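Each chain, written out:
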Protein chains: 2
Amino acid sequence: MTQQLPADAPIGVFDSGVGGLTVLRALLDQMPHERFIYLGDTARLPYGTKSAATVVRYALQAAEHFRRETVKCLVVACNTAASVGLDPLRERFAPLPVIGVIEPGAQAACSASASGRIAVIATERTVREGAYQASILRLRPQAQVSVRAAPLLVAVAEEGLGTGAIAQLAAHHYLDGLFHGASPPDTLLLGCTHFPMLAGAIRAAVPQGTGIVDSAVTTARAVEKELTRLRLVRQGGAGDVRFFATDGAERFARIGSHFLERPITPAGVGIIDL
Amino acid sequence: MTQQLPADAPIGVFDSGVGGLTVLRALLDQMPHERFIYLGDTARLPYGTKSAATVVRYALQAAEHFRRETVKCLVVACNTAASVGLDPLRERFAPLPVIGVIEPGAQAACSASASGRIAVIATERTVREGAYQASILRLRPQAQVSVRAAPLLVAVAEEGLGTGAIAQLAAHHYLDGLFHGASPPDTLLLGCTHFPMLAGAIRAAVPQGTGIVDSAVTTARAVEKELTRLRLVRQGGAGDVRFFATDGAERFARIGSHFLERPITPAGVGIIDL
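Draft legend 1. Quick look at the overall build of chain A. Check the secondary structure of chain A and you find eleven helices and ten strands. In terms of C-alpha radius of gyration, chain A reaches 18 Å, essentially the compact-globule figure of 19 Å for 274 residues. In terms of principal-axis extent, the alpha carbons of chain A reach across some 65 × 40 × 40 Å. The 274 residues of chain A split such that 53% are buried. A separation of at least 24 residues holds for 78% of the contacts in chain A among residues at least 6 apart in sequence.

See the structure below:
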């Protein structure tokens, strides 16, 4: 028997539902040798309408699940959980590296923008919490951040309609106002894990040359960077994914397959209680 | 001081959020002299993803609020709560009349349909619970019921986009399949309180001559019929409405105004704990 190396331990990816599967997709593209455990807390979604204290409690419960699986890193792929839960998770589970979707997205937007005018679309809750605005302004205090909640884009993505005419109209509905003025933003940050599903429609709705920053891809890069720093990158072998949800294996598999762009079967989704 | 007549007592209308305001709108049109109390359990929505036991518990808690307000009738304007909660509510609060949205909608669809081929659009949860199918088949065992979940229509309505191009495309997306065959349904039942917001788009997406049954209007008629039977119809005076929610007065007022087609101000929404 060979001894298991720490680098062979899986990476945990946590979300309130299926949206975080776009982050997992980016992680799989970025690090094909890694092993992943994805957990969607589908029984208790959406997190966006719950109090911060409740979301923190749910995130800590989910992290306990990942601790039992001895993950080497935890990715919080849920905007709401990342905006309130990172500090409590880091404190409770230190020295486990915990990476959220907000900081990497904000950093990438700040790097991508020449003018400092950055637009952000996100869910209503994320907009109200101001997490992206705060993150961007911490990194670049002179930035002009315009933010819009785009809840219909979430529903369009969940219906698997990210590439059609409805997606195009919905993208225009939200983006026309943000890019309307004389000095429009030069960068658009997709501040919700559902939005990469509508990447084409979004690109077609913004002025040519606008930089589009996808927090899924930037988060995947941040995870690889952190694992490299910790010498925890798995060096070879076939990657794999195990899926867990707290309710609804059939729906998770059906909608999740769109998001992951790989087939997920209901039998491959373990239903657990947190 | 004049003695308060039983007919002067308010009618309670309960929903998990703002969708039930389309039922309230129909009630206000039908019975302009009545006084209403509307309660949206916005802190705990959506009910659709919760277990039946939890939804029953929430509905009973809401009904306690209405009991303190001594309502003369309780309208359950939430499909999920109506599909699991009517019997427990009737038992606990007898002899209070409790009227849900499902039975009146099913009855109206059965009356409207000549062919017995009835299409129903609803939320995913309502479809999965089969409440409309069961109700229709109880009344008309030979009916052919085709049902489709239309979650995107809910999001379109919540965004106040019920009359635009997005609504038209979304309506076609769900309805084309239902009305495609050689013997299409002759009746469409709108099995979600959000859908009356898209009435025009829905009408344009079904074959001419299709009967469209709106459970908001049919529920309002059922309430008036029951109050008439009980001699509890208020005979004059100005009607009024008081609004309560369990979270988010601003959002309730903003989105609710679309649904009610009357202005609601945040200051006019009482926030309560259940």
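From this point, the discussion proceeds with the structure in view.
Draft legend 2. View of helix H7 (residues 151–158) of chain B. Within H7 of chain B, eight of the eight residues are buried, which leaves the element mostly enclosed by the surrounding structure. Of the residues making up H7 of chain B, those classed as buried are Pro151, Leu152, Leu153, Val154, Ala155, Val156, Ala157 and Glu158 of chain B. Residues of H7 of chain B that are buried sit in contact with helix H7 (151–158) of chain A together with helix H5 (124–129), strand E6 (144–149), helix H8 (165–178) and helix H11 (249–260) of chain B. Of the residues one or two after H7 of chain B, Gly160 of chain B is the one with positive phi, at around 70°.

Draft legend 3. Local environment of the nonpolar core. Of all hydrophobic cores here, the largest spans 192 residues; its most connected members are Val75, Val76 and Val156 of chain A together with Val75, Val76 and Val156 of chain B. Residues within four places of Val76 of chain B in sequence aside, it is in contact with Phe14, Ala59, Ala81, Ala82, Gly85, Leu86, Val98, Gly100 and Val101 of chain B.

Draft legend 4. Examining the confidence of the model for chain A more closely. Across chain A, pLDDT averages 93, with 98% of residues at or above 70. Two numbers describe this predicted complex: its pTM, 0.86, and its ipTM, 0.81.

Draft legend 5. View of the sheet that holds strand E7 (residues 187–190) of chain A. Residues and elements named next belong to chain A. The parallel open sheet is built from four strands, whose spatial order is E6-E5-E7-E8. Sheet topology places strand E6 (144–149) and strand E8 (211–214) at the edges, where each strand pairs with a single neighbour. Across this sheet, the average inter-strand angle for adjacent strands is 20°, counted without regard to direction. Summarising the sheet, strand E5 (residues 117–122) and E6 pair through six bridges and their orientation is parallel.

Draft legend 6. Region of interest: the relation of the copies chain A and chain B. Here chain A sits on chain B after a turn of 180° about the axis and a move of 0.1 Å along it, with an RMSD of 0.0 Å. Such values leave the two copies arranged in the relation of a two-fold axis. Comparing contact sets, 100% of the residues at the interface of chain A also lie at the interface in chain B, consistent with an isologous, same-surface contact.

Draft legend 7. The arrangement of the environment of Leu139 of chain B in detail. Residue and element names in this part refer to chain B. Relative to the assigned elements, Leu139 resides in helix H6 (residues 131–139). Residues Leu139 and Ser111, spaced 28 residues apart in sequence, show a C-alpha to C-alpha distance of 9.7 Å. Ignoring sequence-local partners within four residues, the contact set of Leu139 consists of Ala106, Gln107 and Cys110.

Draft legend 8. Layout of the sheet that holds strand E2 (residues 35–40) of chain B. All names here are of chain B. Strand order in the open sheet formed by six strands is E4-E3-E1-E2-E9-E10, and the pairing between neighbours is parallel. Edge positions in the sheet fall to strand E4 (98–100) and strand E10 (269–271), since each has one partner strand and no second. Sheet twist, expressed as the average angle between the axes of neighbouring strands with direction ignored, equals 20°. In this sheet, E2 lies alongside strand E1 (residues 11–15) in parallel orientation, the contact comprising five bridges. If you follow Val13 over to E2, its bridge partner there is Tyr38. The strands touched by helix H3 (residues 79–93) are E1, strand E3 (73–76) and E4; relative to E4, the strand with the most contacts, the crossing angle is about 175°.

Calculation notes
- Residues numbered from 1 in each chain as written.
- Chains lettered and ligands numbered in written order.
- Predicted model: local features only at pLDDT ≥ 70, side-chain atom pairs only at ≥ 80, totals over all residues.
- Helix = DSSP H or I, 4+ residues; strand = E, 2+ residues; numbered from the N terminus.
- Rg over C-alpha atoms; globule rule 2.2 N^0.38 Å.
- Buried ≥ 20, exposed ≤ 12 C-beta atoms within 10 Å, placed from the backbone.
- Contact = placed C-beta atoms within 7 Å.
- Core = buried A, V, L, I, M, F, W, Y, C linked by C-beta atoms within 7 Å.
- pLDDT = per-residue confidence, 0-100.
- Pairing = 2+ DSSP bridges.
- Axes fitted to C-alpha atoms, helices over the stretch in contact; angles between N-to-C directions.
- Least-squares fit on C-alpha atoms with pLDDT ≥ 70 in both.

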